[in-house]
Amino acid sequence: MVIAVACDHGGFAVKEACIKALKERGDEVLDLGTYNGTESVDYPDYGLKAALAVKNGQADKGIVLCGTGIGISIAANKVKGIRCAHVTNVFCAQMASEHNNANMIAMGGRISTPEEVYEMTKVFLATSFAGGRHEKRVAKITAIEDGNF
Ligand code: RB5
């Protein structure tokens, strides 16, 4: 798969751990920046870059990183068709795929360790959508989006 990765300065510390997990899986990484952890940048710009890559089909899924994962997930979710789950542990990463059919996850470089980000990245991408009863719930999310975007 092609995975878009983007972060702000707050997420930069865990970006390498995320990319390491992707490379080990054999994924192609679309690295959309930021490229250092010292220059302060605005997380909405990076959430948007990754979300558009997923929306436009340049990437199959996206992973975004900021200090907490909160701001960049909110920004990514403003792009139609994006379901970006803010995850803080491997169970959430699993559920994001299994129940929510998330096409992006967001994590925080100030709340998760590189090891945790590595594990969450692997679990998110190794897990498939369960479908079944979750289909209609995800369809309801899409209906909300269709009616309000
Ligand atoms: C940047 O200082 C910080 O606000 C950002 O990385 C993120 O945590 C926002 O949600």
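Scroll up to find the structure this text is about.
What comes next is a walk through the structure. Everything numeric in this text was worked out from a predicted model, so none of it was measured.

## Re the site of the ligand
Okay, so step 1: Lining the immediate environment of the ligand, one finds Asp8, His9, Tyr43, Cys66, Gly67, Thr68, Gly71 and Arg110.
Okay, so step 2: Measuring from an oxygen atom of the ligand, one finds a side-chain N or O atom of Arg110 at 3.2 Å.
Okay, so step 3: Burial of the ligand by the surrounding chains reaches 72%, relative to a free accessible area of 290 Å².
Okay, so step 4: When the residues that make up the shell around the ligand are grouped by side-chain class, the tally is 2 nonpolar, 4 polar and 2 charged.

## Let's talk about the pattern of salt bridges
Okay, so step 1: In this structure the tally under the stated criterion is 5 salt bridges.
Okay, so step 2: Lys122 is the salt-bridge partner of Glu24, the closest N and O atoms lying 2.6 Å from each other. Taken together, the residues Glu24 in helix α1 (residues 12–25) and Lys122 in helix α5 (residues 114–126) connect sequence positions 98 residues apart.
Okay, so step 3: When its relative accessible area of 23% is taken as the criterion, Lys122 is described as partly exposed.
Okay, so step 4: A salt bridge links Asp146 to Lys80; the shortest N-O distance between them is 2.8 Å.

## Thoughts on the side chain of Thr121
Okay, so step 1: Along the chain, the position of Thr121 falls in helix α5.
Okay, so step 2: Residue classification places Thr121 among the buried positions, given a relative accessible area of 0%.
Okay, so step 3: Excluding its chain neighbours within four sequence positions, the residues that come into contact with Thr121 are Cys18, Ala21, Leu22, Ile63 and Met107.

## Quick word on the environment of Val90
Okay, so step 1: Topologically, Val90 is positioned in helix α4 (residues 90–98).
Okay, so step 2: Its relative accessible area of 40% is what places Val90 among the partly exposed residues.
Okay, so step 3: For the pair Val90 and Glu119, spaced 29 residues apart in sequence, the C-alpha separation works out to 6.7 Å.
Okay, so step 4: Those residues in contact with Val90 that sit more than four places away from it in its chain are Glu119, Met120 and Val123.

## Some details on the pairing of strand β2 (residues 28–31)
Okay, so step 1: As judged from the 4 bridges shared by strand β1 (residues 2–7) and β2, these two strands associate in the parallel manner. The residue bridging Ala4 from the neighbouring strand is Leu30, located in β2.
Okay, so step 2: Considered for its hand, the β-α-β crossover made up of β1, α1 and β2 is right-handed.

## Considering the packing of α1 against α5
Okay, so step 1: It is at 8 Å that the axes of α1 and α5 come closest, and there the two elements cross at 40 degrees. On the basis of the axis angle, α1 is oblique to α5. Between α1 and α5 the crossing geometry is right-handed. Along the contact surface, α1 presents Ala13, Val14, Ala17, Cys18, Lys20, Ala21, Leu22, Glu24 and Arg25, while α5 presents Pro114, Val117, Tyr118, Thr121, Lys122, Leu125 and Ala126.
Okay, so step 2: Residue composition of the contact of α1 with α5, by class: 11 nonpolar, 1 polar and 4 charged.

Calculation notes
Residues numbered from 1 in each chain as written. Predicted model: local features only at pLDDT ≥ 70, side-chain atom pairs only at ≥ 80, totals over all residues. Heavy atoms only, no water. Near = heavy atom within 4 Å. Polar contact = N/O pair within 3.5 Å; in protein donor to acceptor, adjacent residues only side chain to side chain. Areas by Shrake-Rupley, 256 points an atom, 1.4 Å probe, with all protein chains shown as cover. Nonpolar A, V, L, I, M, F, W, Y, C, P; charged D, E, K, R; others polar. Salt bridge = Lys/Arg side-chain N within 4 Å of Asp/Glu carboxyl O. Helix = DSSP H or I, 4+ residues; strand = E, 2+ residues; numbered from the N terminus. Buried < 20%, exposed > 50% of the residue type's maximum accessible area, 1.4 Å probe, protein only. Contact = heavy atoms within 4.5 Å. Pairing = 2+ DSSP bridges. Right-handed = clockwise from strand over helix to strand, strands pointing away. Axes fitted to C-alpha atoms, helices over the stretch in contact; angles between N-to-C directions. Parallel < 35°, antiparallel > 145°, perpendicular 65-115°, else oblique. Left-handed = near helix turned anticlockwise from the far one by under 90°.

All quantities given are derived from atomic positions and should not be read as evidence of function.
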